[in-house]
Amino acid sequence: MLVMGEVHTGLLQNSGEISEPACRQVLGLMTGETVRVSRRPIVHALSPDRLTGVDCVLPAASGSRIRGVGTVVSRCAVTGGRVAQGSSYVRLGRSETDRRLPWSHYLARPGVIEVLGKARAADIAEGFVGEGAPRLHGCLDLTAVTGRFLDLVQTSPLLNRRAPFRMPRTILRWVAETGEPSIAFTLHTEQERTLRLTHPGPFTPAVVDLCEDLAVHDWLLTSLLVVVERARVGATPAAEVAARLSPAVDHLLHLWMPAARVEERLTPFWESLERRPGFSRQWRSLVDRVRDQLAVHTLALLSANAETGGR
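To start, this report covers the structure provided alongside it.

A short note on the pairing of strand 5 (residues 66-79)
Consideration 1: Burial within strand 5 is extensive, with 13 of its 14 residues counted as buried.
Consideration 2: Pairing between strand 3 (residues 44-46) and strand 5: three bridges, direction antiparallel. Bridge assignment links His-44 to a residue of strand 5, and that residue is Thr-79.
Consideration 3: The pairing of strand 4 (residues 50-58) with strand 5 spans nine bridges and is classified as antiparallel. Pairing of Gly-53 across the sheet is with Thr-71, part of strand 5.
Consideration 4: Bridge count between strand 5 and strand 6 (residues 83-94): seven bridges; the pairing is antiparallel.

As structure tokens, this is what we get:
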């Protein structure tokens, strides 16, 4: 079975970290449904699932017009009271009939899109994550579905809309299939990434958890890299460099906990990414650079104060 999904990740539009009760309120978008919260090793709040019905053309690298009918599962999360995510996914399965059935049939199978007619999983997967794949009119648009749900969270009246710095969202588009374990993560632009995952056994929501965990850490790494670049170390006065780096210390550095919420059987995929491209290795290098710059600035201030006091 082929599973496709998208994860959008961005800074929560608030001036500071929000509390656990506030997370519950911000994500409580569906009356009567429970927001799930875990507190260890970092506070993570997850909204109830939301279904979106679709009757659309499925992506295909060949350009074939493949029809699919079913529902998309979407959810939003807040990590550490600071990072917001919107996530959507669908499982593809072959329909037992070549005609569309009543919506009650599809609602009874949440998160499943039934393919009407013949189609190859490899063709659809390549059409979804491959570069340059044709996009037909009426094609499945997980970007729109996910973005709208995340926008609902970001425009909550409980948020003051005064983020400490500007940082664009990143979009991770992923596909998962059953087979010999493998993972391939690719950066396409400053904001777009793709992930191809093959794993043994049937699909479970733990795969979605893995993709969301990867997306949040990719966003953290990307954001820290941008903050350091904006500081213009060596080309800007030390005081200005320190001021530009301080938001990273206040809002980003404590959030780095890769694979903390990933099911144990899937942690080898994270370990593979730690070897190449080496997420944590690059993160530690950037963190050391930020702390070194702040330490140098602090020592300079102490030295200047000592000289002033000695006169």
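This is not the end of the story, as more comes after the structure.
Focus: the pattern of salt bridges
Consideration 1: Counted by the stated rule, this structure contains 13 salt bridges.
Consideration 2: Salt-bridge contacts for Arg-169 lead to Asp-151; the nearest nitrogen and oxygen are separated by 2.6 Å. Taken together, the residues span a long stretch of sequence, with Arg-169 in the loop between helix 4 (142-154) and strand 8 (170-178) and Asp-151 in helix 4 at a distance of 18 residues.
Consideration 3: The class for Arg-169 is partly exposed, based on a relative accessible area of 25%.
Consideration 4: Salt-bridge contacts for Arg-244 lead to Glu-240; the nearest nitrogen and oxygen are separated by 2.3 Å.

The rules behind the values
Residues numbered from 1 in each chain as written. Predicted model: local features only at pLDDT ≥ 70, side-chain atom pairs only at ≥ 80, totals over all residues. Heavy atoms only, no water. Buried < 20%, exposed > 50% of the residue type's maximum accessible area, 1.4 Å probe, protein only. Helix = DSSP H or I, 4+ residues; strand = E, 2+ residues; numbered from the N terminus. Pairing = 2+ DSSP bridges. Salt bridge = Lys/Arg side-chain N within 4 Å of Asp/Glu carboxyl O.

Limitation: the analysis is restricted to geometry and does not speak to function.
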